[in-house]
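# Structural features, examined
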Amino acid sequence: MKDEFRSRLSDLRIRLELLLDRLLAPTATGGEIVRPARLLAAMRHAALDGGKRLRPFFVVETARLFGVEGEGPLRAGAALECVHCYSLVHDDLPAMDDDDLRRGRPTVHRAFDEATAILAGDALLTLAFAVLADPSTHPDGAIRAGLVANLAAASGIGGMAGGQMIDLLSEGRDLSTEDIRTLQAMKSGALFRHACEAGAIVAGASAEDRGLMRDFGARLGLAFQLADDLLDVTADASQAGKRTAKDAERGKATQVALLGPKKAADLLTVTLDEAVAMLAPYGARADMLAAAARSIGEGGGG
Ligand code: IPE
Ligand code: IPE
Ligand code: MG
Ligand code: MG
Ligand code: MG
């Protein structure tokens, strides 16, 4: 299953790259006027040729669990990846985490400038919703509206952006393990929760399946941020493609800071076990999702 996971992930990466390249073409589309070359170059720097692409993988594999493959799930995954890439561009800004390196390359504000990075983030966020609203994502408008509403909730004040606010407000403060969990459920968990729920939505799965996938994705997201926080203390910049050993320096509220790396690693194992256990109702049909979940404990599929 591990080999099949690697091969499916590498196949998804190729298909996603082609789609993102097409979505970030120089020609203005439906309702747009022109696409300024500098802004487009910054968006392409942020979104193309890099990243593990795990969120879109979960969208596509969840949809496949419910019997749907092809362009629709891939577009829903691409929309989510646009939001994720925007969140990274803004996360790296001097006003936020102030980082110079991302995916082994200079961050967008370093390669361009801060104003361009802010705008590239804005434009990636709105592109995501244009992608979801397009009929080629799904012929049924109610399904498209469901995807839009779900991504909006996951990205906004009660999701990723809200979590980023709490993350910044918590620097240098001692949070309880429960408060850290809430912050992480929002800043990273919400997009993973959306990934799995979006796969169920685009596949027209039942409300029960959708709820199960939502819970599975939320648990994955917690595991993912735990793994990222551990990476910060265990990896170097060449392995991670971004600066490491920075969370302690900035006084970030993480489970690693609170519990220490050993207990945080144990918590990661338990959280992943819980996530995989949630897939039990689907039996062997969910083996690919389980393998993808397990990869989070091993560096996210490489
Ligand atoms: C980094 O996410 C930001 C977090 C939520 C921890 P990823 O580790 O998925 O980043 P890429 O997309 O692979 O670069
Ligand atoms: C980032 O968390 C979460 C979002 C971008 C929403 P981090 O700040 O830990 O991510 P890295 O370590 O910079 O990738
Ligand atoms: Mg951050
Ligand atoms: Mg950061
Ligand atoms: Mg981090």
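The structure we're discussing is the one just above.
Residues numbered from 1 in each chain as written. Chains lettered and ligands numbered in written order. Predicted model: local features only at pLDDT ≥ 70, side-chain atom pairs only at ≥ 80, totals over all residues. Heavy atoms only, no water.

### Here's the deal with helix α3 (residues 54–65)
One turn of the α-helix equals 3.6 residues, which is why residues spaced by three or four share an orientation. The criterion, for reference: Numbering goes from the N terminus for both helices and strands, where a helix is a DSSP run of H or I of at least four residues and a strand is a run of E of at least two. A helix's residues, less one, multiplied by 1.5 Å, set its expected span. Buried means the residue's accessible area, taken with a 1.4 Å probe over protein chains only, is under 20% of the maximum for its type, while exposed means over 50%, and partly exposed covers the values in between. We call two residues contacting when some pair of their heavy atoms lies within 4.5 Å.
Between its terminal C-alpha atoms α3 stretches 16 Å, which fits the 16 Å expected from twelve residues at 1.5 Å a residue. Among the twelve residues that make up α3, eleven are buried, leaving the element largely enclosed by the rest of the structure. Within the sequence span of α3, burial applies to Leu54, Arg55, Pro56, Phe57, Phe58, Val59, Val60, Glu61, Thr62, Ala63 and Leu65. In this structure, the buried residues of α3 make contact with α1 (2–23), α4 (71–91), α9 (177–202), α10 (207–234) and α15 (287–296).

### Considering the packing of α3 against α15
Quick note on the threshold: Simply put, an axis is a line fit to the C-alpha atoms, just over the touching stretch for a helix, and the angle between two N-to-C directions goes from 0 to 180 degrees. Every angle not falling under 35 degrees, over 145, or within 65 to 115 is termed oblique; those three ranges are roughly parallel, roughly antiparallel and roughly perpendicular. Handedness of each helix crossing follows the sense of rotation of the near helix against the far helix: counterclockwise by less than a right angle gives left-handed, clockwise gives right-handed.
Contact pair α3 / α15: the axes reach a minimum separation of 10 Å and the direction vectors enclose 160°. Taken together, the axes of α3 and α15 are roughly antiparallel relative to one another. The hand of the α3/α15 crossing is left-handed. Facing α3, whose interface residues are Leu54, Phe57, Phe58, Glu61, Thr62, Arg64 and Leu65, α15 presents Met288, Leu289, Ala292, Ala293, Ser295 and Ile296.

### A word on the coordination of the magnesium ion (ligand 3)
Spelled out, the test is: Note that water is not among the atoms considered, so a metal site may appear incomplete; the donors listed are N, O and S atoms within 2.8 Å of the metal, with 3.2 Å applied to Na, K and Ca.
Around the magnesium ion (ligand 3), the protein contributes the donor atoms Asp91 (OD) and Asp97 (OD), which lie 2.2 Å from the metal centre. Between the two metal centres, the magnesium ion (ligand 3) and the magnesium ion (ligand 4), the spacing is 3.1 Å, with Asp91 acting as a shared donor. Accessibility assignment for this pair places Asp91 and Asp97 in one class, buried.

### Regarding the site of ligand 1
Rule in force here: The rule for a residue being near a molecule or strand is that one of its heavy atoms must lie within 4 Å of it. A 3.5 Å cut-off defines polar contacts: any pair of N or O atoms within that distance qualifies, except that in protein one atom must be a possible hydrogen donor and the other a possible acceptor, and neighbouring residues in sequence count only when both atoms are side-chain atoms. Areas reported here follow the Shrake-Rupley algorithm with a probe of radius 1.4 Å; residue values treat only the protein chains shown as occluding. With a 1 Å grid spanning the protein atoms alone, the term cavity applies to any set of points in which a 1.4 Å probe fits but cannot get out, the term pocket to an open set with protein on both sides within 12 Å along at least five of seven lines, and the term lining residue to any residue with an atom within 4 Å of a point. What decides whether a molecule sits in a cavity or pocket is whether more than half of its atoms lie within 2 Å of the grid points.
Near ligand 1 you find Gly51, Lys52, Arg55, His84, Leu88, Arg103, Ser188, Phe224, Gln225 and Asp228, and these make up its full shell. Interatomic distance of 2.5 Å between a side-chain N/O atom of Lys52 and an oxygen atom of ligand 1. Arg55 has a polar side-chain atom sitting 2.7 Å from an oxygen atom of ligand 1. With the chains in place, 89% of the 390 Å² that ligand 1 exposes on its own is no longer accessible. Of all the cavities here, the one that holds ligand 1 is the largest pocket. Contributing elements (two or more residues each) for the shell around ligand 1: α4 and α10. The greatest single-element share of the shell around ligand 1, amounting to three residues, is contributed by α10.

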